[in-house]
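One-letter residues, chain by chain:
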Amino acid sequence: MASGEIFENEARYRSVKREYHWFLARAVPLRDEQGNILKWYGTLTDITERKRAEERLRAQHTVAQILAEAATIEEVAPTLLGAMGECLGWDVGALWRVDWKAEALRCVELWHNTSSIEVPEFERATRELTFVPGSGLPGRVWSSRKPEYIPDVLFDENFTRINIAQREGLHAAFGFPILLGSEVLGAIEFFSREIRQPDQELLNMLATIGSQIGQFIDRKRAEAELRESEQNFRTLFESIDEGFCTIEVLFDQNEKPVDYRFLKISPSFERQTGIKNAAGKRMREIAPEHEEYWFEIYGKVAVTGEPVRFESEARQLGRWYDVYAFRVEDPKLGHVGILFNDITKRKRTEAEARENERRYREVQAELMHASRVATIGQLMASIAHETKQPIAAAIAGAQAGSNWLKAQPPNLQEAQQVLGSIVSAGRRAVDVIDRVRALIKKAPPQKEEMEFNGAVLEIVALTRAEAMKNGINVRTQLADGLPAIRADRVQLQQVILNLIINAIEAMRDVGENDRKLLISTRKEPAGVCFEVRDTGPGFAPGALERLFEAFYTTKSDGLGLGLSICRSIIESHNGRLWASPNTPRGAIFSFIVPGNRVSTS
Ligand SMILES: Nc1ncnc2c1ncn2[C@@H]1O[C@H](COP(=O)(O)OP(=O)(O)O)[C@@H](O)[C@H]1O
Ligand SMILES: [Mg+2]
């Protein structure tokens, strides 16, 4: 003061109400004309408000700074509490987190200003206690989601640690929630040795700090989740069996994808491709003859972003792949992720299965043909008889004709007539031979539109002599207006032939007058139905199940293949073949094949 400078000092004094206030003490000298100090003017200004505003700003700033550098809230809790306590001038602080399992608040950290107070009992109690919503100061903050202020805990009805607070000299308290939106993640409380009146601005600031900390916790949680998912991805990437890589598709100046470069490759990549150290290399460099479509497909994924799944061969690598490709990262980069599996083995097995299937079909066709030829062979005697008749008629005609010509005068008119009958007899014989040839001919199966009744009649004609030989009365009942069907004509005739021959064979041992065969066709909702009814012995109990099994036969010279071949033919026409008992006795064999929608009448 002796220097005569203006004197200023800020100091904290306790007011009459036991509250501290800040004052600015200012002394200004009054001087005479020579500059000698005559006296001092002193002012004492209450600057509590300004001081508090400064403290709050500092507190807020410090909290922000601490959070910016923190890894977890637990780690920085002591620093955070200490900084806030010191900035705001409070003596004890505690941070609470919600323990979701226990549905209670649990103390994470307790701080106290060691130069102002010692609170061993309060600290122990705080660390041990938990609070449920609504109970104690932390619990109240939890349920109200708002800062709470208590001027003096000793006069509060809902303050659990009241006795200890009294012993250790704590009075004013406030608490505020750590909030994420409306979710309470925790709470922070502070205590003072003094009794303090509520301070709305302080409470407002605490609400802000509370949500700052809430956002911090949430951000860290998200970061931890991201780290974990990255870790999971890494593990997946390292351990999956499928090959995985990312590539950069390379385009020429016309935007045509012409190559790609491997970026990341999984450890399984080499096993899946046989390519060593692919990362950084171009595909064309590795396999110059790699098929064009690989580049096209990946180029399209890079451009459109639409993922694709496909199976394809990489001939130069000697492998087949099942591939899932999708765009990754920034669309502008044209990077594509490829998840793939070597399916060469499966493809080979598939090819083998196809080959086996083909051979099986071949054998089956062979067998069908053989069985058809055998059946015709059985009929040969009858067929020979059938052809012999027109030939015999032709011979007789020729003799008669020559007689007419030898007569004096030759009877040309009669001769002419006889020649006509010879021609038609010859045609009848040729007809029979043609039909037999058609059935014996070995031709690949072939489905075409056919007229059903006509095909039935041809077989009826071929078997007529055989039926006659066996004394069988044959009747046909063919429906008009059947829809046309798409079928292999010869195969269907084989079925009809088999069923008729079986029926003829079945009736060998019944009385001569009781051998009746009814052959009919009719229209059904499901298509065209063919039926053979005989008056043979019918089926033994249990036989109905086995008839269609290959090699099932009750005949000493039977092969047991006829019905099984019939069924496979009908099924290959999407039809159905079955047997049922006839009344009063005998068997019925029926099949249905689907008809075309348009009927030919
Ligand atoms: N119309 C029928 N009446 C009674 N049994 C029949 C008839 N058709 C077939 N069967 C029975 O079904 C068996 C199998 O017939 P199929 O497969 O044609 O072989 P196969 O004629 O060589 O015996 C015949 O042995 C016979 O026992
Ligand atoms: Mg048979």
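Residues numbered from 1 in each chain as written. Chains lettered and ligands numbered in written order. Predicted model: local features only at pLDDT ≥ 70, side-chain atom pairs only at ≥ 80, totals over all residues.

Student: Sorry, what's going on with the sheet that holds strand S19 (residues 527-534) here?
Tutor: For sheets, the rule is that strands pair by backbone hydrogen bonds, running either parallel or antiparallel. In space, the 5 strands of this open sheet follow the order S16-S18-S19-S21-S20, with mixed pairing throughout. Of all the strands in the sheet, just strand S16 (473-478) and strand S20 (576-581) have a single pairing partner and so form its edges. Sheet twist, expressed as the average angle between the axes of neighbouring strands with direction ignored, equals 15°. In this sheet, strand S18 (residues 516-524) lies alongside S16 in parallel orientation, the contact comprising 6 bridges. Opposite Asn-473, over in S18, you have Lys-516 as the bridge partner. (Pairing = 2+ DSSP bridges. Helix = DSSP H or I, 4+ residues; strand = E, 2+ residues; numbered from the N terminus. Axes fitted to C-alpha atoms, helices over the stretch in contact; angles between N-to-C directions.)

Student: Please clarify how the sheet that holds strand S9 (residues 183-191) should be interpreted in this entry.
Tutor: One open sheet holds the 6 strands; their spatial order is S6-S5-S4-S9-S8-S7, and the pairing between them is antiparallel. With partners counted over all chains shown, the strands left at the sheet margins are strand S6 (130-131) and strand S7 (148-150), one partner each. Where strand S8 (residues 173-180) meets S9, 8 bridges bridge the pair, whose relative direction is antiparallel. Directly across from Leu-180, in S9, lies its bridge partner Glu-183. Each of strand S4 (92-99), strand S5 (104-112) and S9 is contacted by helix H2 (residues 73-88), which is oriented at about 55° to S5, the strand it contacts most. Together, S7, S8 and S9 form the strand contacts of helix H6 (residues 200-239), whose direction differs from that of S8 by roughly 40°. (Contact = placed C-beta atoms within 7 Å.)

Student: Explain the nonpolar core here, please?
Tutor: If you look at soluble globular proteins, the nonpolar side chains tend to sit buried side by side. Counting 48 residues, the largest nonpolar core has Leu-80, Met-84, Ala-173 and Ala-187 as its most contacted members. Among the elements of the structure, helix H1 (48-69), H2, S4, S5, helix H4 (136-144), S8, S9 and H6 are those that each provide at least two residues to this core. Look past the residues within four positions of Met-84 in its chain and what remains in contact with it is Ala-59, Val-63 and Gly-93. (Core = buried A, V, L, I, M, F, W, Y, C linked by C-beta atoms within 7 Å. Buried ≥ 20, exposed ≤ 12 C-beta atoms within 10 Å, placed from the backbone.)

Student: Whenever I open this one, the site of ligand 1 confuses me. Can you help?
Tutor: What surrounds ligand 1 is a group of 19 residues, the closest being Thr-553, Thr-554, Gly-558, Gly-562 and Leu-563. Counting only elements with at least two residues in the shell around ligand 1, the list comes to helix H13 (489-506) and helix H15 (562-572). Ranked by the residues each element gives to the shell around ligand 1, the list is headed by H13, at 4 residues. When grouped by side-chain class, the residues that make up the shell around ligand 1 number 9 nonpolar, 8 polar and 2 charged. (Near = placed C-beta within 6 Å. Nonpolar A, V, L, I, M, F, W, Y, C, P; charged D, E, K, R; others polar.)

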